[in-house]
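# Architecture and fold: a report
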Amino acid sequence: MITESRLKNVLDSGNFAVTAECGPPKGADPEVVKSKGTILKGHVDSVNVTDNQTGVVRLNSLAACALLRAEGLDPVLQMVTRDRNRIALQSDVLGASALGIRNILCLSGDHQSFGNQPQAKGVFDIDSVQLIQTVRQMRDAGEIIGGEKLASPPELFIGAVANPFADPFKYRAARLATKVDAGAEFIQTQCIFNLKRFKEWMGLVRDNRTADQVYILGGITPLKSARMAEYMAKNVAGMDLPKDVINRMKAAPAKEQRQEGIRIAVETIHALREIKGVHGVHIMAIEWEDAVPQIVEEAKLFPRPQA
Amino acid sequence: MDQRGTGFTRAILFCRQLDPNQDVNRRAIEREMGGSIRFFPLPCSGRVDPLYLMRALESGADKVYLITCPEGACRYREGNLRAKKRVAYTQGLIEEIGFARERLELIVPSAEKRVTIDELTRDILAREAAIGTSPVKGK
Amino acid sequence: MITAERKPISEIKEMIAPYRKILVVGCGSCVAECAAGGEKEVGLLSSALRMDAKASGKEIEIKEITLDRQCVYEFIDHLAEIISQYDAVLSLACGAGVQAVAEVFPKAPILPALNTTFLGETKEAGLWVENCRGCGDCKLGVFAAVCPVTRCAKGLFNGPCGGSKTDRCEVDPDVPCAWQLIVTRLEDMGQLDLLRKVHPPADWSKQQGKGPRKIIREDQRT
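Quick caveat, the model's predicted, so the values are computed rather than measured.

## Looking at the arrangement of the chains
Contacts between protein chains span 2 pairs of chains, and they are most numerous for chains A and C. Contact between chain A and chain B is absent, and the least distance between their C-alpha atoms amounts to 25 Å.

What follows is the structure, given as structure tokens:
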């Protein structure tokens, strides 16, 4: 039985961490989750499970985390504030800990209007920063919102997200500081295609000393095709996919575009390793989990350390 | 202006500015057509309220026209543009009760040559498509 | 003010179908300002309903009346003398007005002709925008007079989400990002530090804690 966060141990021992993303299926079959876990196992330290990403109804994140946990993986429970109020969120935090889940990533979530339930009522009782603060207070002080004591606190390594590419740009570093003040211990960023802007942001994050207080994992998404690149550039909120990346994908023959996408991902990882304050990478291979082991190996991040 | 039971079929609301002699000119055509046509001069077509258009339809007009002054010629500058929006709004309203939007028509005369209200009316009637009796007259 | 929009006529027709004599009641306050329920709109709707009835060979009798306000008893009282002559009231007030009339006349069917939408401002002629949710705990003082509860699609209290791009909201490119407005205004005033504090979870009980809210002011009571 793992009783500690593998992700935390890898980071605390000074290793360059590797996490990946696993999107649960639009169905009830546990085998889908397990087989994704099998692909990733051994090649990554921890696996994020998305929480009804883009507002699309999928198998519950907490349940999928428990399935991965049973397969011996270290899951990162993504939790959005869009769908549940503070009663449900805090209750799920306790449940996650009880099931042996040791990492949580706190987000506000994509707006419900993007998904397949656009008529849903967006809850947003609390925001992502307040969720970070709440989980931190539950863990460290053993208190829920309002100050009531817990019989036993949850054990969770607390994460948050950052988008260095959204606006207002200058405020983005201050926003990260707010998340760290609230209690975030690790950060996973939006996919990085614009390295120049990412470096600029990291500079600001080092300047305001936030980089010293938190582990930052850079987001990596391998592009499957030139078409996917163009689609993402146009349609995904908060995405910064520069023209030269799209052109590079277009220049590759159709059959070799997947390989080109992986090559770009590997190059980006190498570049990130050179940036001070970057402690790992978070690979979001959207419905393409098979690509992850190859990327990890080609980036010379395999084998993973024992932790 | 309840015209039920008469031959009233068309209401023409128009901007008085487009024909300085409108008073005399429309009388002639009114005499000729009897009760089947009624004119309503407005100080500016932009002053038209959707309610006037509805009242004209409600009182039995088969078709209601709003004639503005030529585009760009409005002495209040935007009157005829407003008229256009109000006609569109009222067309939406009558469509909701199942009336054809063509029962309301906006006429913007050409700016090239000045014509009198009676000439304009004859032109309009000459090229009018069949619209049928207003549903408000019952079945 | 409170804004509203007329319901589709098909929906109104369905509601009034069982009734022949209808009292159409407008309200001269907020909904008149937003051109949804004032005297003019009462005239337009009544005219449309009469025309529709004539066209479908149905008998209908409509009386049009517009009160200064439909949410205050003194004005509603003007209906007392005539309401018994009608089978139903079609109210062009906001939801508060419709219910106020219904409370005064417990036995009369009171039907809403409008969808009440939001608390907002008349930004320009023909344009109304929502900028208050009546949360009961106004924080405009710390957010540079831009309400994140109302104007941020996610109601975020601690900064913009990751979807804000070139000062537009990810949800609707026609909508400015509220947080971009807050940050810019605070920056201009040299008060960006106000955002360093983590705002704790809001107290929504002030908005919806125990059902409908009320305000009691003893000094105003008779």
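Resuming the write-up.
## Quick look at the interface of chain C and chain A
In this complex, chain C contributes 27 residues to the contact, which on the side of chain A involves 31 residues. Regarding the contact of chain C and chain A, the summed buried area is about 2,500 Å², with carbon and sulfur atoms giving 51% of it. Summed over the shared surface of chain C and chain A, the result is 2 salt bridges. Notably, a salt bridge pairs D181 of chain A with R196 of chain C, separated by 2.5 Å at the nearest N-O pair. For the pair chain C and chain A, the interface holds 15 residue pairs in polar contact (both at pLDDT 80 or more). A per-class count over the side of chain C that touches chain A returns 13 nonpolar, 8 polar and 6 charged.

## Quick notes on unusual backbone geometry
Residues and elements named next belong to chain A. With omega at -10°, the peptide bond leading from D167 into P168 counts as cis. Of the consecutive residues F302 and P303, the connecting peptide bond is found in the cis state with omega at 0°. Structurally, P303 is set in the segment after α11 (291-298). Here K300, not a glycine, exhibits a phi torsion of approximately 60°, which is positive. With respect to the secondary-structure elements, K300 resides in the segment after α11.

## Details of the environment of P41 of chain B
Residues and elements named next belong to chain B. One can find P41 in strand β2 (residues 37-42). The exposure class of P41 is partly exposed, given its relative accessible area of 28%. It is 29 Å that separates the C-alpha atoms of P41 and G138, two residues lying 97 residues apart in sequence.

## Quick notes on the packing of helix α1 (residues 22-33) of chain B against helix α4 (residues 117-126) of chain B
Residue and element names in this part refer to chain B. The contact between α1 and α4 brings their axes to 8 Å, and the two run at 40°. Our classification of the angle between α1 and α4 gives oblique. On α4, the residues that touch Q22, N25, R26, I29, E32 and M33 of α1 are I117, D118, T121, R122 and L125. When grouped by side-chain class, the residues that make up the contact of α1 with α4 number 4 nonpolar, 3 polar and 4 charged.

## Side note on helix α3 (residues 39-55) of chain C
All names here are of chain C. With 17 residues, α3 extends 24 Å between its outermost C-alpha atoms, agreeing within 8% with the 24 Å of an ideal straight helix rising 1.5 Å per residue. A large share of α3 lies buried, amounting to 14 of its 17 residues. Positive backbone phi, at 65°, marks G57, one or two positions downstream of α3.

## A few points about the sheet that holds strand β2 (residues 46-49) of chain A
Residue and element names in this part refer to chain A. Around the barrel, which closes on itself, the 8 strands sit in the order β1-β2-β3-β4-β5-β6-β7-β8 with parallel pairing between neighbours. The mean angle between the axes of side-by-side strands here comes to 30°, regardless of whether they run parallel or antiparallel. As judged from the 4 bridges shared by strand β4 (residues 103-107) and strand β5 (residues 157-162), these two strands associate in the parallel manner. Its bridge partner lying in β5, N103 is registered against F157. Here helix α3 (residues 61-70) sits on the sheet and contacts β1 (17-22), β2 and β3 (75-80); the angle it forms with β3, its principal contact strand, is near 180°.

## Notes on the packing of aromatic side chains
Centre distance and the angle of the planes are the two values used to describe a pair of aromatic rings. Tallying each qualifying case throughout the model produces 6 aromatic pairs over all chains. Seen from their ring centres, F198 of chain A and W201 of chain A are 5.7 Å apart, and the 40° between their planes marks the pair as tilted. Within this pair, F198 of chain A and its partner W201 of chain A are both found in helix α7 (residues 195-207), separated by 3 residues, close to a single helical turn. Plain terms: the ring middles of F157 of chain C and W204 of chain C are 6.1 Å apart, the flat faces sit at 50° to each other, and that makes the pair tilted. Residue F157 of chain C is located in the loop between α6 (148-151) and α7 (178-188), and its partner W204 of chain C is located in the loop between α7 and α8 (205-208); the two are separated by 47 residues in the primary sequence. Every member of this aromatic cluster is reached through a ring pair, and the members are F143, F157, W179 and W204 of chain C. Sitting over the ring of F16 of chain A, R273 of chain A keeps its end group 4.9 Å from the ring centre. One residue, K21 of chain C, lies across the ring of Y86 of chain C, its end atom 5.7 Å from the ring centre.

What counts and what doesn't
Residues numbered from 1 in each chain as written. Chains lettered and ligands numbered in written order. Predicted model: local features only at pLDDT ≥ 70, side-chain atom pairs only at ≥ 80, totals over all residues. Heavy atoms only, no water. Contact = heavy atoms within 4.5 Å. Buried area = accessible area lost by both parts, 1.4 Å probe. Salt bridge = Lys/Arg side-chain N within 4 Å of Asp/Glu carboxyl O. Polar contact = N/O pair within 3.5 Å; in protein donor to acceptor, adjacent residues only side chain to side chain. Nonpolar A, V, L, I, M, F, W, Y, C, P; charged D, E, K, R; others polar. Helix = DSSP H or I, 4+ residues; strand = E, 2+ residues; numbered from the N terminus. Buried < 20%, exposed > 50% of the residue type's maximum accessible area, 1.4 Å probe, protein only. Axes fitted to C-alpha atoms, helices over the stretch in contact; angles between N-to-C directions. Parallel < 35°, antiparallel > 145°, perpendicular 65-115°, else oblique. Expected span 1.5 Å × (residues − 1). Pairing = 2+ DSSP bridges. Phe/Tyr/Trp six-rings, centres within 6.5 Å; stacked < 30°, edge-to-face > 60°. Lys NZ or Arg CZ within 6 Å of the ring centre and 35° of its normal.

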